[in-house]
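# Inside the fold
What follows is each chain in one-letter form.
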Amino acid sequence: QDQFVFYNCVGRVESAAEVRTEYLLLTCRYLAQSDEQKEGLVALAFNVETGAAVSEMGRMFDTVERTFETDSEQRLLGDDKIKAILTWVQRQAGKVLESEIEPFQDSMNRRFRRDVANLEEYYEDLKKEMEESLKRPGISDQLMSDRKAKISLIPDELERKKADLFKKYSIRVKLELCGAIQIHTPAVKILYRTSFGRKQKQLSMIYNPVTKSMDPLVCDGCGDSTFNIRFCDRLHILCPACSTKCPVC
């Protein structure tokens, strides 16, 4: 009730049982480059079984009792699971980095707006000066024609200069994996039955003992993690972005 919002349906817990589940905690280095650059580390965490992104896992991991094992005989992830994890990372990395580089992005945006304003002021003054020169007595027809042609080119030149500034202050971000931890932990699996009209659907949820909260569910449409649950007519789990038109259907 504290975490999930279910739309147009009601639900109840059918059962709960202790299980063991697996998480993957990825530490990644990012490099944001523009006119300047910023670098740092971010943590991405996923439930390997469900694919749910657990944003608080990295921050809370240091607060729980844990034992580290580095035995080479530990079960490794298969190729299919690694491909799935790459998809999860691509889906979540932008959201995690957005808040991380927000001050840097704000700084580049301010500098871009400042330089554009200075550029516009310069070309406006240049245009006025050239227009004033046309009013001088004794100016030849050829010179007047040339200056008018140059004045007509000012808007296009200004737009090219703005495009150069936009390219200069655009931000390119590179993300690379620094380390990974497989986390095997007891958890609680909850079976939750939702009802809307005569239709019912049983959902499997995980209570995470590290974050001390429920993991989000995964949208059947886009694969994003969400606590705001909607269903289409065929009972696919949908996030708000996919709810208007089910991608699965």
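Residues numbered from 1 in each chain as written. Predicted model: local features only at pLDDT ≥ 70, side-chain atom pairs only at ≥ 80, totals over all residues. Heavy atoms only, no water.

Our focus in this paragraph is the sheet that holds strand S3 (residues 37–47). Ordered in space as S3-S2-S4-S5-S6, the five strands form an open sheet in which the pairing is antiparallel. Edge positions in the open sheet fall to S3 and strand S6 (213–214), since each of these has one partner strand only. Taken strand by strand, helix H2 (residues 79–100) contacts strand S2 (10–33), S3 and strand S4 (172–196), and its axis lies near 130° from that of S3. (Pairing = 2+ DSSP bridges. Helix = DSSP H or I, 4+ residues; strand = E, 2+ residues; numbered from the N terminus. Contact = heavy atoms within 4.5 Å. Axes fitted to C-alpha atoms, helices over the stretch in contact; angles between N-to-C directions.)

Turning to the packing of helix H3 (residues 102–133) against helix H4 (residues 141–169), a few remarks are in order. Two quantities define a packed helix pair, namely the angle between the axes and the distance from one axis to the other. Look at H3 against H4: their axes get within 10 Å of each other, and the N-to-C directions meet at 170°. It follows from the interaxial angle that H3 and H4 lie roughly antiparallel. Residues that form the contact of H3 with H4 fall into these classes: 13 nonpolar, one polar and twelve charged. (Parallel < 35°, antiparallel > 145°, perpendicular 65-115°, else oblique. Nonpolar A, V, L, I, M, F, W, Y, C, P; charged D, E, K, R; others polar.)

So, on to the confidence of the model for the chain. With 98% of its residues at a pLDDT of 70 or more, the chain has an overall mean of 90. Summarising per-element confidence for the chain, the mean pLDDT is lowest in helix H1 (residues 57–60) (84) and highest in strand S7 (residues 217–218) (96). (pLDDT = per-residue confidence, 0-100.)

This next bit is on the layout of surface pockets. Using a probe with the size of a water molecule, rolled over the atoms, empty space left in the structure can be pinpointed. In this structure, the second largest pocket spans a volume of roughly 320 Å³. Surrounding the second largest pocket, 16 residues form its lining, Leu24, Leu26, Ile85, Leu177 and Ala180 being those nearest its centre. At the level of elements, S2, H2 and S4 are the ones that each hand at least two residues to the lining of the second largest pocket. Its residues assigned to classes, the lining of the second largest pocket shows 13 nonpolar, two polar and one charged. (1 Å grid on protein atoms, 1.4 Å probe; cavity = no way out; pocket = protein on both sides within 12 Å on 5 of 7 lines; lining within 4 Å. Points joined across faces, edges and corners; volume = space filled by probe spheres on them.)

Read across the open sheet, the three strands follow the order S1-S9-S10; overall the sheet is mixed. On the outer flanks of this sheet lie strand S1 (5–6) and strand S10 (237–238), each paired with one strand and no other. Taken together, the two bridges between strand S9 (residues 228–231) and S10 define a ladder with antiparallel strand orientation. Across the sheet, the residue bridging to Arg230 is Leu238, located in S10.

Of note, Gly179 is situated in strand S4. Taking the C-alpha atoms as reference points, Gly179 and Thr27, separated by 152 residues in sequence, lie 5.2 Å from one another. In contact with Gly179, other than residues within four places in its own chain, are Leu25, Leu26 and Thr27.

What follows concerns unusual backbone geometry. Of note, the phi angle at Lys212 is positive, near 55°, even though the residue is not glycine. Given the relative accessible area of 54%, Lys212 is considered exposed. Of note in this structure, Leu235 is not a glycine but carries a positive phi near 70°. With respect to the secondary-structure elements, Leu235 resides in the loop between S9 and S10. Accessibility expressed as a relative area gives 18% for Leu235, which makes it buried. (Buried < 20%, exposed > 50% of the residue type's maximum accessible area, 1.4 Å probe, protein only.)

What follows is about H2. Compared with an ideal rise of 1.5 Å per residue, which puts 22 residues at 32 Å, H2 spans 30 Å between its outermost C-alpha atoms and is within 8% of the ideal. Maximum bend of H2: about 35°, positioned at Gln92. For H2, the complete set of buried residues consists of Ile85, Trp88, Val89, Gln92, Ala93 and Leu97. Structurally, H2 contributes buried residues whose contacts are with S2, S3, S4 and strand S8 (225–226). (Expected span 1.5 Å × (residues − 1). Bend = angle between axes of the 7 residues up to and from the residue.)

Let's shift gears to the side chain of Thr226. Tracing the backbone through its elements, the reader meets Thr226 in strand S8. Separated by 3.0 Å, the side chain of Thr226 and the backbone nitrogen of Asn228 make a polar contact. (Polar contact = N/O pair within 3.5 Å; in protein donor to acceptor, adjacent residues only side chain to side chain.)

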